[in-house]
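The lines below spell out each chain.
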Amino acid sequence: MRAQPTSRESDGSSPRRGDAPAARPPWQRPLVASLAVAAAALLAVALLGPVAVARAGGRRAAACLASIEAPRGPALPDCRSEIRWFAMPSRLPWSYRAASALAEELGVRAAVAEYVDAAVGRPDRAALAGATEAMETAQAMVAAGSGRITFDELGPACGAPSLAREAARLGDRRTLLERPDRWPDWHVRVQTLRAALVEGDLPRALAIASSYAGMDPRDEDLRTTVGAILCLGTAAEAKRGVELLTLNQNDRASKRHAGMSRNWGELRAVLVACAARTGVEPPAMPEAPEAGVADAVEARLAQRVRLAAAAGPGAAEAKQRALRAIRDLLGSAAALDPQARGDLLAVALAEDEALDAAGTAALARPDDALDGEDEPAAGAEGAQARGAAGAAPALLAGSPLAIDWLPGRGLARPVLSGSLRARAAERAAELAAAPQLSPPERDTLREVAWALALHAARELALEGDAPRAIDALDRSATLTPGPAPEAARALARSSAWLLAGDRDRALDLLERVDVAAAPPALRAAVLLQRAGLLASRGRQLDAARVAVLADEEAAARAARLSGAPGAHAGLDLLDVRTRWTRLALARPPGASSLRQGGPPALLPADLSAAWPWVGFASLDAPWAREGQPAFSRALATWSAARDAPPSTRRALRYAALRRRGDAPPALVPYAALAAQLLGDGEGDPEVWLDAFLALDAARFSLRHYAFARAEAARWRGDDGSAAAWQRRHDALRAVASDPTRAEIARYLGL
């Protein structure tokens, strides 16, 4: 019989066999557990600690970078020192990628911040030049490292570092012009060519354009710009320009891109002018265009007459054909733009001897115009007032204000010399005295003669010939319309002297004229120009007083017009300009810089949103609509900004840099106000204005831009900068005043 196990054997409590390990003492068990936990913790720290350190460093670096654009002192925060947080994590395989990416982004953002700070935070030309090396180093570092195109971990998303793009964004013309062949982006190359033109350095622009042409540019806008600039040079350079422009003409006529096409009429006018400078026939126009069309008909017709007249008797038939085409266009297009109508009529009067008085009156007003114009206001606001009253003038006489005489961009209108316009004005005045005219026809021709005289004075003044501009006005002095003709002529004479460079004579004319009998619009215009001239001559207190008077006259006129049935209830150009000028020149306690009834001059808590978008650059002009408060808020913001502490103004400059592109049609006071965001010893206003206006400058002609920068420098008493910009303006004027290069210069925005 088998023995039964004892109770100790059955319950497993029997002694272990000799080969079994001995059990751990009870006191060792917690120690083993603790060691296991410690080992796991050490492993976790070793693995996750560097990641945590990198993340902490990223937060510190992001906070440091954010403080650059916040209110701060003049010293740029040293954010590069935060790279120490990434040193150890970047040496470990499991944290290398994240730490290296953060370190790379910190280096990129720090380099860009140093470059921007030299233009915005503490503007300094030497510091701006020195910061380019750090930008190039950062650019090379990214190219050799991650190759990323976007950085978004330490702040708002930004692109890979590019000295070319940053220089174009900040208006750093020196950097752009120092190394033009190194810029890979076509738009930066266009900016480089424009920078040479802004400097008034045509030989340098031609050299850069020749270099780019040798690279066979494929982008359409770059190729057009290069070709047009070459057309300003020698015959050999112009021939190369013809080749490039012909390619673009044919492409625009035959190719659509994404269902869209571009017209090529302006390009054709440049091409014809360029071919004429080389002495060769221009290439034929596309016979059956399938994409864009040949627009700019008025400009091309006027050009045909000019070229035929310059060719002499051998081109008499071509000249007559062009004149017949102009007469047909004037007689059939009742909806033709009044300014373009005036330009074409000037060509016909100056070049067509067969045109009689009755025919001229019919061409000037082909439709049945209504009578009873409103007061003769200055500039575009006068056109609005007349349009509100239902008037249909034969021609827009235009504004006698100098700011409205500055040239525009593009070939939407014909380009005519001052001499031709003066001949046309004299001819119109002679025809207005013909005895066979009816009273309406005589009134029309008198209006035409004054409008053409004003246009002639404008063009001659832009050419720098003030005496001939004054003579053109005096020859039609008896034809000046309105209840205060002497005041209107004085303002026009003042504009001629101002654009020709004699500001003392321009100011003297306005200080002696009596505007008591003038309508409010004309009084406001006279006072507006007088305020600017006083500021340019250093008479700041008088300028502030007159600027307030001008704005009060404009406000009174706006109130009267808003109550008229069917009148334009929003803002107009005169109102905008007087308010900007008052803000720039009038300072408390001597005078209030803002009109009564507007918002208070306060800054929001979030300075990054301080600048409201008004919409001056928008084609549908939202600033001119009724009930738009953004304009008044913008003025109040500027008033509060210039009186803020230096640290706040610095933050506001950074915020303003992000809200560029909204410059009003009053560039001189706008530039003067922007310069007031810099106090004494806070930096170079010229460097800051280069950056602040870099985006807006493309909306104005180069001569307009140079004139505004020179005047803004005079307003703040910076004679050296004013002289430099005046030299640039004069160099641009010399090119644009050449009849053989007139269309090319206008197309390039000179």
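Residues numbered from 1 in each chain as written. Predicted model: local features only at pLDDT ≥ 70, side-chain atom pairs only at ≥ 80, totals over all residues. Heavy atoms only, no water.

A tally of helices and strands in the protein chain yields 32 helices and two strands. Looking at the protein chain residue by residue over its 750 residues, the buried ones come to 52%. A separation threshold of at least 6 residues defines the contact pool for the protein chain, and within that pool the share at least 24 residues apart is 70%. Taken as a whole, the protein chain presents about 32700 Å² of accessible surface, with 55% of it coming from carbon and sulfur. (Helix = DSSP H or I, 4+ residues; strand = E, 2+ residues; numbered from the N terminus. Buried < 20%, exposed > 50% of the residue type's maximum accessible area, 1.4 Å probe, protein only. Contact = heavy atoms within 4.5 Å. Areas by Shrake-Rupley, 256 points an atom, 1.4 Å probe, with all protein chains shown as cover.)

Glancing now at the environment of T224. Note on placement: T224 falls in helix α9 (residues 220-230). Along the sequence, T224 and G241 sit 17 residues apart, while their C-alpha atoms lie 8.5 Å from each other. In this structure the side chain of T224 is engaged in a polar contact, spanning 2.3 Å, whose partner is the side chain of N248. (Polar contact = N/O pair within 3.5 Å; in protein donor to acceptor, adjacent residues only side chain to side chain.)

Another point: the environment of V242. Relative to the helices and strands, V242 is located in helix α10 (residues 235-254). For V242 and P282, which are 40 residues apart along the polypeptide, the C-alpha to C-alpha distance reads 8.0 Å. V242 has contacts with C231, L271, C274, A275 and P283, leaving out every residue within four places of it along the chain.

Quick look at the state of the cysteines now. Under the definition given, this model contains two disulfides. Across the disulfide, C64 is cross-linked to C79 (sulfur-sulfur distance 2.1 Å). A torsion of -95 degrees about the S-S bond marks the disulfide between C64 and C79 as left-handed. Within this pair, whereas C64 is found in helix α2 (residues 28-68), its partner C79 is found in the loop between α2 and α3 (96-121), the two being separated by 15 residues in sequence. Under the relative-accessibility criterion, C64 is labelled buried at 13%. A residue is classified by how much of its surface remains accessible, and C79, at 3% relative accessible area, is buried. (Disulfide = S-S within 2.5 Å.)

Let us look at the packing of helix α22 (residues 503-512) against helix α23 (residues 520-536). Axis separation between α22 and α23 bottoms out at 10 Å; the angle between their running directions is 140 degrees. The pairing of α22 with α23 is recorded here as oblique in orientation. Crossing of α22 over α23 shows left-handed handedness. Residue-level inspection shows R503, A506, L507, L510 and E511 of α22 in contact with α23, the latter providing V526, Q529, R530, L533, L534 and S536. Its residues assigned to classes, the contact of α22 with α23 comprises six nonpolar, two polar and three charged. (Axes fitted to C-alpha atoms, helices over the stretch in contact; angles between N-to-C directions. Parallel < 35°, antiparallel > 145°, perpendicular 65-115°, else oblique. Left-handed = near helix turned anticlockwise from the far one by under 90°. Nonpolar A, V, L, I, M, F, W, Y, C, P; charged D, E, K, R; others polar.)

Below, the discussion takes up helix α7 (residues 186-198). For α7, with 13 residues, the first-to-last C-alpha span of 18 Å sits near the 18 Å given by 1.5 Å per residue. In terms of residue burial, α7 counts as a mostly covered element, since ten of its 13 residues are buried. Every buried residue of α7 is listed here: V188, R189, V190, T192, L193, R194, A195, A196, L197 and V198. Those residues of α7 that are buried lie in contact with α5 (163-169), α6 (173-178), α8 (202-214), α9, α30 (702-715) and α31 (719-736). One or two steps after α7, the chain reaches G200, where phi turns positive at roughly 70 degrees. (Expected span 1.5 Å × (residues − 1).)

At Y115, α3 shows its maximal bend, which comes to roughly 25 degrees. Most of α3 sits inside the fold, with 20 of its 26 residues counted as buried. (Bend = angle between axes of the 7 residues up to and from the residue.)

Looking along the chain, the bond that leaves P588 and enters P589 is cis, with omega of 5 degrees. Along the chain, P589 falls in the loop between α25 (573-585) and α26 (630-642). Phi angles above zero are rare outside glycine, and D216 is one such case at about 55 degrees. Relative to the helices and strands, D216 resides in the loop between α8 and α9. Here the phi dihedral of A296 falls at roughly 55 degrees; this positive angle occurs in a residue that is not glycine. Following the sequence through the fold, A296 ends up in the loop between α11 (265-278) and α12 (297-311).

By themselves these figures say nothing about function.
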